[in-house]
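Listed below are the residues making up each chain.
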Amino acid sequence: IELEAEGMVPGTIINQFSMDEWDGYFRIVTTVYSYTYSDGQDGEIVWRSIVDSKNYNALYILDKKLKVVGKLENLAPDERVYSVRFMGDTGYFVTFRQVDPLFAVDLSNPGNPVILGELKIPGFSEYLHPFADGLLFGLGRDADEDSGKAGFLKLSMFDVSDPTALSEINKLIIDNVYYS
């Protein structure tokens with residue numbers, strides 16, 4: 001095995017579905033965390049504390065040499081990625097803090113990815129799966145819209161036939177069940 005290319009993008013991924021290769025391009029969705037520290041010393045005790053922390057989400061598209069050719073950054077500030085699914089020229093990902101934005105992104109031009117649509121609903125999907133033509137299944141948790149506190153297991157069916165007009169066409173919340 002010989003190394004042919006290496007590249008780097010900021011952030012961390014949620015799982016293997018956060019990455020994909022399509023038509024010669026590597027696509028990845030990350031959550032980027034940044035911290036501001038304060039250092040101090042009291043006698044012999046040296047300390048460091050976090051003064052401020054911020055995070056945002058990003059999508060990067062890299063060529064065969066693993067050089068970034070397209071990107072979307074600073075998406076959903078103060079939220080983190082919960083699920084990602086790439087389906088051909090379209091990418092879907094969910095971020096969460098208090099409500100679940102499902103993003104649809106046009107990836108047909110790797111040098112210029114464009115957000116097509118965004119759907120905000122209570123809860124979040126931790127797993128996305130293509131179900132049928134124009135349908136995307138989400139498995140996750142319901143959540144309180146005001147506090148963001150996660151609730152019971154939620155199954156969602158999204159209509160993604162028009163990525164500019166995403167909708168949750170059905171949902172099932174299973175009381176007293178928190179995970180699957």
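Further up the page is the structure itself.
Draft legend 1. Main features of the overall build of the protein. Along its length, the protein carries 0 helices and 12 strands. Starting at the N terminus, the α and β elements of the protein follow one another as β-β-β-β-β-β-β-β-β-β-β-β. Here the C-alpha coordinates of the protein stretch approximately 65 × 50 × 30 Å along the principal axes. For the protein, buried positions account for 39% of its 180 residues. Look at the contacts in the protein between residues 6 or more apart in sequence, and 42% of them connect residues 24 or more apart. Put simply, the protein shows about 10,600 Å² of open surface, and 49% of that area lies on carbon and sulfur atoms. Looking at charge distribution, the protein has the averaged site of its 15 positive side-chain charges lying 2 Å from that of its 28 negative ones.

Draft legend 2. Just the packing of aromatic side chains, in detail. Summed over the entire model, instances satisfying the criterion amount to 5 aromatic pairs. Residues Phe 17 and Tyr 127 carry aromatic rings whose centres are separated by 5.6 Å and whose planes lie at 70° to one another, so their mutual orientation is edge-to-face. Here Tyr 127 lies in strand 9 (residues 124-132) and Phe 17 lies in the segment before strand 1 (19-22), a separation of 110 residues in the sequence. Ring centres of Tyr 35 and Tyr 37 lie 6.3 Å apart, and the angle between their planes is 35°; on these two criteria the pair is classed as tilted. Among the residues examined, Tyr 35 registers a relative accessible area of 42% and is labelled partly exposed. For the cation-ring pair, Arg 48 lies above Tyr 37, with the distance from its terminal atom to the ring centre recorded as 4.5 Å.

Draft legend 3. Structural view of a nonpolar patch on the surface. A contiguous nonpolar surface patch, about 420 Å² in accessible area, is contributed by Tyr 33, Tyr 35, Tyr 37 and Ile 50. With 3 residues, the single largest contributor to the nonpolar patch is strand 2 (residues 25-42). Mapped onto the elements, Ile 50 comes out in strand 3 (residues 45-62). Owing to a relative accessible area of 52%, Ile 50 belongs among the exposed residues under this scheme.

Draft legend 4. Spatial organisation of the sheet that holds strand 4 (residues 68-75). Reading across from one edge, 1-2-3-4 is the order of the 4 strands in this open sheet, with antiparallel pairing throughout. Two strands close off the open sheet at either side, each with one partner strand: strand 1 and strand 4. If you compare each strand with its neighbour and ignore which way they point, the axes differ by 35° on average. With 17 bridges joining them, strand 2 and strand 3 adopt antiparallel strand pairing. Paired with Thr 30 across the two strands is Ala 58, which belongs to strand 3.

Draft legend 5. Representation of the pattern of salt bridges in the model. Going through the model one piece at a time under the given rule, you end up with 6 salt bridges. Put simply, Lys 54 and Asp 52 hold a salt bridge, and the shortest N to O gap is 3.8 Å. Look at Asp 52 and you get partly exposed, because its relative accessible area is 34%. Among the ionic pairs, Lys 154 bridges to Glu 168, the shortest N-O distance being 3.3 Å. With Lys 154 in strand 11 (residues 150-159) and Glu 168 in strand 12 (residues 167-174), this pair connects stretches of sequence that are 14 residues apart.

The rules behind each value
Residues numbered from 1 in each chain as written. Predicted model: local features only at pLDDT ≥ 70, side-chain atom pairs only at ≥ 80, totals over all residues. Heavy atoms only, no water. Helix = DSSP H or I, 4+ residues; strand = E, 2+ residues; numbered from the N terminus. Buried < 20%, exposed > 50% of the residue type's maximum accessible area, 1.4 Å probe, protein only. Contact = heavy atoms within 4.5 Å. Areas by Shrake-Rupley, 256 points an atom, 1.4 Å probe, with all protein chains shown as cover. Lys, Arg positive; Asp, Glu negative; His and termini not counted. Charge placed at Lys NZ, Arg CZ, Asp CG, Glu CD. Phe/Tyr/Trp six-rings, centres within 6.5 Å; stacked < 30°, edge-to-face > 60°. Lys NZ or Arg CZ within 6 Å of the ring centre and 35° of its normal. Patch = residues over 30% accessible without salt bridge, like charges linked within 9 Å, V, L, I, M, F, W, Y side chains within 5 Å. Salt bridge = Lys/Arg side-chain N within 4 Å of Asp/Glu carboxyl O. Pairing = 2+ DSSP bridges. Axes fitted to C-alpha atoms, helices over the stretch in contact; angles between N-to-C directions.

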